[in-house]
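Residue-level structure breakdown
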Amino acid sequence: MSCTPWQPFQSVKLEPAKSAEPPNNSGSNGPNACNVFWLALRVAIVSAFAFLTRNFLNYWLASIFFVLYIIYIATTCGRLISILISILSAVIWNFAFIHPQFIFSVSKNENSLVYLMFFVVAILTGNLNTKLNLKEKIIYKREKKLSLLYELSREIAKKTDFEKIMYKSIEYLEKYFNNEAILFIRNPEKELFTVYPEKELSKELENIAMWVIKNEIPVGKGTGTFGNSEYYFYPINSTNQIE
């Protein structure tokens, strides 16, 4: 039984990502949760409730209703929309609740502090929510990749045929990178390589593949070498042997 050294080489075509994204917290209450019309309607409802209770609550307490709604919007619809809602809330609070009513006026410094509070709450809560969503997406992608690697290791362990292992590796590489992947398996003695999956390649692509295998340097799209290629080439060296 002879042993043939081999060096695998992977080429990944760069295309827009198509993988499923983790659930987004913004707009979690339905497709219309962050719709401008529904947001304005909710502001109107909050304003109407506060206005109807104005005989029982002073205008300071009415501002609490707006602050709570701003926090809700910031945690569901993001920073920009929450800032817009805070501006709208400040206008409504000034117009409908501060005496004299139905006239825009800023006569007290403490009222200005309430306006400032609206904006600060919107910005801080929106920033916090944005960071949490970003971390959630990072964790989701990391867990997905670890899961794919684990599945690949299990699939390879089940198979003994070399070609089946290569095709299964291609399948998981494409899932992992969310792009088309090609493996070049080279026999150093013959200076030839086998392509997985089998497909016709241009002479230019074959030359780049051989250049990368010999020089062991990543090249292709996004690099300074062979940057016009639509593929990104990455050498994977192996000291193992296939019997």
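Here is a short report on the structure shown in this document. As the structure is a computational prediction, the values presented were derived from the model and not from experiment. (Residues numbered from 1 in each chain as written. Predicted model: local features only at pLDDT ≥ 70, side-chain atom pairs only at ≥ 80, totals over all residues. Heavy atoms only, no water.)

**Quick word on the packing of helix α1 (residues 36-52) against helix α3 (residues 79-96)**
It is the contact of α1 with α3, at a shortest axis distance of 11 Å, that shows an interaxial angle of 30°. Pair α1 / α3 crosses with right-handed handedness. Residues L39, V43, S47 and F51 of α1 form the contact with α3, whose own contacting residues are I81, I85, L88, I92 and A96. When grouped by side-chain class, the residues that make up the contact of α1 with α3 number eight nonpolar, one polar and no charged. (Axes fitted to C-alpha atoms, helices over the stretch in contact; angles between N-to-C directions. Helix = DSSP H or I, 4+ residues; strand = E, 2+ residues; numbered from the N terminus. Left-handed = near helix turned anticlockwise from the far one by under 90°. Contact = heavy atoms within 4.5 Å. Nonpolar A, V, L, I, M, F, W, Y, C, P; charged D, E, K, R; others polar.)

**With respect to the nonpolar core**
By size, the foremost hydrophobic cluster in this structure holds 23 residues, and its most contacted members are Y69, I85, W93, F97 and F118. Residue contacts for I85: discarding those within four places in its chain leaves L39, V43, Y69, I70 and I73. Among the nonpolar cores identified, the runner-up in size contains twelve residues, and V195, I208, V212 and F233 belong to it. (Core = buried A, V, L, I, M, F, W, Y, C linked by side-chain atoms within 4.5 Å. Buried < 20%, exposed > 50% of the residue type's maximum accessible area, 1.4 Å probe, protein only.)

**Comments concerning the side chain of T76**
Structurally, T76 can be placed in helix α2 (residues 59-77). Since its relative accessible area comes to 8%, T76 is described here as buried. Among the polar contacts listed, one links the side chain of T76 to the backbone oxygen of Y72, at a separation of 2.9 Å. (Polar contact = N/O pair within 3.5 Å; in protein donor to acceptor, adjacent residues only side chain to side chain.)

**What about the pairing of strand β6 (residues 231-235)?**
Of the two faces of β6, only the one carrying Y231, F233 and P235 is buried; Y232 and Y234 on the other face are not. Here strand β5 (residues 219-220) pairs with β6 via two bridges, running antiparallel. Each residue of the ladder has a partner; that of V219, found in β6, is F233. (Pairing = 2+ DSSP bridges.)

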